[in-house]
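Listed below are the residues making up each chain.
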Amino acid sequence: MPGKRGHGILLGIVLAANFLGLTFQVRSGISFPIRDGLAAVFGGGQSLVVDSTRAVSSWVETVGEAHEMRLARDELRDRVARLEWELTVQRGMLERARGFTDLDAAAMDLGEPVSGEVVGVSASPLDRTVTVNRGSRHGIERDAPVMAASGLAGRIVAVGPGVSQVELLSASTAAVAVITSGSRTRGVVRSAAGEDGASGYRLHFVPVGQRIAIGEEVISSGLDQLYPKGLLVGHVSAVHEGAGLLLEVAVEPAVDFDTLERVFMLPRRDDSGMAPDPDAAP
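Please read all numbers here as calculations on a predicted model, not as lab measurements. (Residues numbered from 1 in each chain as written. Predicted model: local features only at pLDDT ≥ 70, side-chain atom pairs only at ≥ 80, totals over all residues. Heavy atoms only, no water.)

**Focus on the sheet that holds strand S10 (residues 232-241)**
Part 1 of the reasoning: If you walk around this closed barrel you meet the six strands as S6-S7-S8-S11-S10-S9, and the pairing is antiparallel. Neighbour-to-neighbour, the strand axes of this sheet turn through a mean angle of 40°, independent of strand direction. (Pairing = 2+ DSSP bridges. Helix = DSSP H or I, 4+ residues; strand = E, 2+ residues; numbered from the N terminus. Axes fitted to C-alpha atoms, helices over the stretch in contact; angles between N-to-C directions.)

Listed below in structure tokens is the structure:
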């Protein structure tokens, strides 16, 4: 109690001195030193509080702006990937329509893709598979074709509730029926890994005498009943005569599997090549 009473008396003296100083300054125009000292003390404390408040406010605004920038970056990345996907689909539609005069546009529709990200990579160099963060609850089914923005990447080989496993076209067990864009040469593309240190793809079953130009696009033909027609697989990079009656044709993959991050999984197609109608009765 004595301590609090002493503090109260001291505060009263300070306030009284401040009031008297203000009255003296107003009447005489002369600055009162005690009041100026008190103003400096209390003013400095106020300035410290204001500066601290401004620093905290600035930090909060910076955190908010960084979060908004991350959201804008992710949205822009999704839009770019979507545009690349649409360009790939349009290229495939033109290729599938080639040679036909009357073709229903619906038959060329690949359906609405499901976008996903690669969340795991097989540790074995022989097992060329990746894991994506989409599964059965997202409508993914086994054998669904998997696309990157730049071309065909592979197919779904295992499906879980929230993730799926993709067999890449670079796997030794993968294959796709193809046709070249210029010479219209048919064949089967498989990985060249393990062939005396070779890389990329090989186009098999091309007879000697077939004229194939370097740089021709190699696209899926749809004859394997697995991949839709018109998806870009790669480009012809070399043509050599083999020891037998077949040509050795090297194909540069359209997809860089080492940097693969985002993929698009296509809906399952029925025997007619049409994507199933989600509104149709079972």
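Now that the structure has been shown, the text picks up again.
**Description of the pairing of strand S11 (residues 247-253)**
Part 1 of the reasoning: With five of seven residues buried, S11 lies mostly within the body of the structure.
Part 2 of the reasoning: Judged from the three bridges that link them, strand S8 (residues 201-204) and S11 form a sheet pairing that is antiparallel. Bridge pairing links Arg202 to Ala250 in S11.
Part 3 of the reasoning: Taken together, the seven bridges between S10 and S11 define a ladder with antiparallel strand orientation. Its bridge partner lying in S11, His235 is registered against Glu252. (Buried < 20%, exposed > 50% of the residue type's maximum accessible area, 1.4 Å probe, protein only.)

**Side note on the nonpolar core**
Part 1 of the reasoning: Within the largest apolar cluster, 38 residues are counted, with the highest numbers of intra-cluster contacts made by Leu152, Leu169, Val176, Val189 and Val233.
Part 2 of the reasoning: Look past the residues within four positions of Val189 in its chain and what remains in contact with it is Ala174, Ala175, Val176, Val178, Tyr201, Arg202, Leu203, Val218 and Val233. (Core = buried A, V, L, I, M, F, W, Y, C linked by side-chain atoms within 4.5 Å. Contact = heavy atoms within 4.5 Å.)

**Some remarks on the environment of Gly154**
Part 1 of the reasoning: Looking at the secondary structure, you find Gly154 in strand S4 (residues 151-159).
Part 2 of the reasoning: The class for Gly154 is buried, based on a relative accessible area of 0%.
Part 3 of the reasoning: Here Gly154 is in contact with Ala144, Pro145, Val146, Val166, Glu167, Leu168, Leu169 and Tyr227, once residues within four sequence places are set aside.

**Quick word on the pattern of salt bridges**
Part 1 of the reasoning: By the definition in use, this model includes three salt bridges.
Part 2 of the reasoning: Close ionic contact of Arg262 with Glu117 constitutes a salt bridge, the shortest N to O distance being 2.9 Å. On the criterion of sequence distance, the pair formed by Arg262 in strand S12 (residues 262-265) and Glu117 in strand S1 (residues 114-121) is long-range, its members being 145 residues apart.
Part 3 of the reasoning: Take Arg262: its relative accessible area is 18%, and that puts it in the buried class. (Salt bridge = Lys/Arg side-chain N within 4 Å of Asp/Glu carboxyl O.)

**Here's the deal with the sheet that holds S4**
Part 1 of the reasoning: The six strands lie next to each other as S1-S2-S5-S4-S3-S12, forming a closed barrel whose pairing is antiparallel. Going across the sheet, the axis of each strand differs from the next one's by a mean of 45°, ignoring polarity.

**Observations regarding the pairing of S8**
Part 1 of the reasoning: Only one face of S8 is buried: it carries Tyr201 and Leu203, and the other face, with Arg202 and His204, is open.
Part 2 of the reasoning: Where strand S7 (residues 186-191) lies against S8, four bridges are found, and the strand directions are antiparallel. When the sheet's bridge partners are listed, Val189 is paired in S8 with Leu203.

**Some details on the environment of Val233**
Part 1 of the reasoning: With respect to the helices, strands and loops of the structure, Val233 is situated in strand S10.
Part 2 of the reasoning: The exposure class of Val233 is buried, given its relative accessible area of 0%.
Part 3 of the reasoning: If near-sequence neighbours (up to four positions away) are discounted, Val233 is found in contact with Leu152, Leu169, Val176, Val178, Val189, Tyr201, Val218, Ile219, Ser220, Glu252, Pro253 and Ala254.

**Things to note about the confidence of the model for the chain**
Part 1 of the reasoning: For the chain, per-residue confidence averages 76 on the pLDDT scale, and 61% of positions sit at 70 or higher.
Part 2 of the reasoning: The model gives residues 40-45 a pLDDT under 50, and that stretch makes one contact with residues more than four places away or in other chains.
Part 3 of the reasoning: Considering only residues more than four positions removed or in separate chains, one finds that residues 99-108, a stretch of pLDDT under 50, has 11 contacts. (pLDDT = per-residue confidence, 0-100.)

**Structural notes on the environment of Pro161**
Part 1 of the reasoning: Summarising the element assignment, Pro161 is placed in the loop between S4 and strand S5 (164-168).
Part 2 of the reasoning: Pro161 sits in the exposed class, given a relative accessible area of 54%.
Part 3 of the reasoning: Considered as a pair, Pro161 and Ile140 are 21 residues apart in the sequence and their alpha carbons are 9.1 Å apart.
Part 4 of the reasoning: Every residue in contact with Pro161, bar those within four places of it in the chain, is listed here: Gly135, Ser136, Arg137 and His138.

**Notes on the side chain of Ser220**
Part 1 of the reasoning: Mapped onto the elements of the fold, Ser220 is located in strand S9 (residues 217-220).
Part 2 of the reasoning: At a separation of 2.5 Å, a polar atom in the side chain of Ser220 contacts the main-chain carbonyl oxygen of Pro228.
Part 3 of the reasoning: Setting aside residues up to four positions removed in sequence, Ser220 forms contacts with Val176, Ala177, Val178, Tyr227, Pro228, Lys229, Gly230, Leu231 and Val233. (Polar contact = N/O pair within 3.5 Å; in protein donor to acceptor, adjacent residues only side chain to side chain.)

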